[in-house]
Amino acid sequence: MRKTILLLALGLGAGSATLAQKSATESIEEYRAMLADGNPADLFEAKGEALWKQARGPKNASVERCDLGKGPGVVKGAFVELPRYFADTGKVQDLESRLVTCMETLQGFDGKAIAQTPFNQGEQNNVTALATWVAAESKGMKFNLPQSHTQERVAYEVGKRLFFMRGGPHDFSCASCHGEEGKRIRLQDLPVLTKNPGNGVGFAAWPAYRVSNGQMWSMQQRLNDCYRQQRFPYPIFGSDALTALSTYLGVNAQGAVSAVPTIKR
Amino acid sequence: MADPMRIRAQASGSSAVVRVLMSHEMESGQRKDAAGKTIPAWHITDVTATHNGKTVMTAEWGPAVSKNPFLQFTIKGAKAGDKIGISWKDNKGDSRTDEAVVS
């Protein structure tokens, strides 16, 4: 009899532990839902929209005629088809690097100088704001990255290898955290990025506003910080490596609905 | 000059719910930069809300309010078409006023 009670007590203990854990993730979800109502990403979106039309830079021109893959000036639906191959630059480009190209060709900015500017400083702020607005214009649309050009397929393959490439002092790869179900960092559930992780998750969630530091993060910065967490040297902004990785994630997310801009911890 | 606010005001029954997002650094004055020097405080100190030009709420804010703050409140008796004005002042003397119409 005593044994039964003991077992029962143990059972109860284990039961309440899992219950408490579940409610922790649930309350985080609740917290996010509350924040989502006043997502400060809206501010960056508004800023990006104004920047799109504003005449700036050495040429005192706007980026309104920027070709994001669907023709000059077409914004709606462009985000869910990026990265893609651009004939004028002869490269596969993601949203941020394409915006820098437009700032270079249309406005006369120095693209290299922008790429070397740290995130959340100077012109990088404007690139992120523009990216936020452009991405938000495709909210609710499904990812459908083109894979018809050879370079696009090459980018996917390179991205895949980068995703599984282990290295650094921790011998980590992207796949160490994002390759199987049920992984998390502290209370952050990590999406599996080798397949479509679902609507508004992973690739379909960035640019996002980070509540903890009050910063708007583009996908470039998200990937950059993943590399920092792996204790890897960070790839350069707009580099082929990051574009390839984005292509891999984007193609895997085929059919996922974009929820951008989202709000994160 | 400061970036614009985002104001949404929605009538429900005999009142209206106003939601405001302000763009501000809200530096607390407690943080230090990479060189170890204190980053001076820079935050909103006064917030005023008006309903058709009449002040309905004033607030004094301090350094504990977050960056890019979100403010939500209800105005009794406000209906669709009414004008809602929000203004803030910060400790550097900068200010911003934006308006929205209740929908």
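In every chain, residue numbers begin from 1 and rise along the written sequence. Chain letters start at A and ligand numbers start at 1, both assigned in the order the entries are written. Local features are withheld for residues below a pLDDT of 70 in this predicted model, meaning they are given only at 70 or higher, and side-chain atom pairs are given and counted only at 80 or more; totals for whole chains, interfaces and linings count all residues.

A. Structural context of the nonpolar core. Residue and element names in this part refer to chain A. Remark: nonpolar core denotes a set of buried Ala, Val, Leu, Ile, Met, Phe, Trp, Tyr and Cys residues whose joining runs through C-beta atoms within 7 Å. Residues are called buried when their C-beta atom has 20 or more other C-beta atoms within 10 Å, exposed when it has 12 or fewer, and partly exposed otherwise; all C-beta atoms are positioned from the backbone. Core analysis: the biggest nonpolar cluster contains 72 residues, and L99, L130 and V134 have the highest contact counts within it. Secondary structure elements follow DSSP: runs of H or I of four or more residues count as helices, runs of E of two or more count as strands, with numbering from the N terminus. Ranked by residue count, the leading element in this core is helix 5 (residues 122-136), at 8 residues. Ignoring any residue separated from it by four or fewer positions in sequence, one finds L130 in contact with G48, L51, W52 and L99. Each residue gets a C-beta atom placed from its backbone, and two residues are in contact if those atoms lie within 7 Å.

B. Quick peek at the environment of A129 of chain A. All names here are of chain A. Locating A129 in the fold gives a position in helix 5. Sequence separation between A129 and M34 is 95 residues; the distance between their C-alpha atoms is 23 Å. In this view, A129 contacts F44, K47, G48 and L51; residues no more than four positions away in its chain are not counted.

C. Fine view of the pairing of strand 2 (residues 15-21) of chain B. Residues and elements named next belong to chain B. The criterion for strand pairing is that DSSP finds at least two bridges linking the strands in question. With 7 bridges joining them, strand 1 (residues 6-12) and strand 2 adopt antiparallel strand pairing. From the neighbouring strand, R6 faces strand 2, where its bridge partner is L21. Hairpin connection between strand 1 and strand 2: a loop of 2 residues separates the two successive antiparallel strands, and G13 in this loop has a positive phi of roughly 70°. Across 7 bridges, the pairing between strand 2 and strand 5 (residues 70-76) is antiparallel. Across the sheet, V20 pairs through a bridge with L71, a residue of strand 5.

D. Layout of the packing of helix 6 (residues 150-164) of chain A against helix 9 (residues 240-252) of chain A. Residue and element names in this part refer to chain A. At a minimum axis distance of 7 Å, the contact between helix 6 and helix 9 shows a crossing angle of 95°. Classified by the interaxial angle, the pair formed by helix 6 and helix 9 is roughly perpendicular. In this structure, helix 6 contributes E152, A155, Y156, V158, G159, K160, L162 and F163 to the contact, and helix 9 contributes A241, T243, A244, L245, T247, Y248 and V251. For this classification, Asp, Glu, Lys and Arg are treated as charged, while Ala, Val, Leu, Ile, Met, Phe, Trp, Tyr, Cys and Pro are nonpolar and the rest, including Gly, are polar. Residues of the contact of helix 6 with helix 9, tallied by class, amount to 10 nonpolar, 3 polar and 2 charged. Interaxial angle, 0 to 180 degrees, is taken between N-to-C directions of lines fitted to C-alpha atoms, where a helix line uses only the stretch in contact. Relative orientations are named as follows: roughly parallel for angles under 35 degrees, roughly antiparallel for angles over 145 degrees, roughly perpendicular for angles from 65 to 115 degrees, and oblique for any other angle.

E. Structural context of the sheet that holds strand 1 of chain B. Residue and element names in this part refer to chain B. Across the sheet, which stays open at both edges, the 3 strands sit in the order 1-2-5 with antiparallel pairing between neighbours. With partners counted over all chains shown, the strands left at the sheet margins are strand 1 and strand 5, one partner each. Averaged over all pairs of adjacent strands, the angle between strand axes in this sheet comes to 15°, irrespective of strand direction.

F. View of the confidence of the model for chain B. Residues and elements named next belong to chain B. For every residue, the predictor reports its confidence as pLDDT, a number between 0 and 100. Averaged over chain B, the pLDDT score is 92; the fraction of residues at 70 or greater is 99%. Per-element averaging of pLDDT across chain B places strand 1 at the bottom with 91 and strand 3 (residues 44-51) at the top with 96. Model confidence for the complex: the whole-complex pTM is 0.84, and ipTM, which rates the interface, is 0.77.

G. Up close: helix 3 (residues 95-105) of chain A. Residue and element names in this part refer to chain A. Extensive coverage of helix 3 is indicated by the burial of 9 of its 11 residues. Looking at helix 3, one finds that the buried residues are L95, E96, S97, R98, L99, V100, T101, C102 and M103. Against the buried residues of helix 3 lie strand 1 (84-86), strand 2 (91-93), helix 4 (111-116), helix 5, helix 8 (219-229) and helix 9.

H. Geometry of the pairing of strand 4 (residues 54-60) of chain B. With 0 of 7 residues buried, strand 4 of chain B is to be regarded as a mostly surface element. Counted between consecutive antiparallel strands, the loop separating strand 3 of chain B from strand 4 of chain B contains 2 residues, among which N52 of chain B sits at a positive phi close to 50°.

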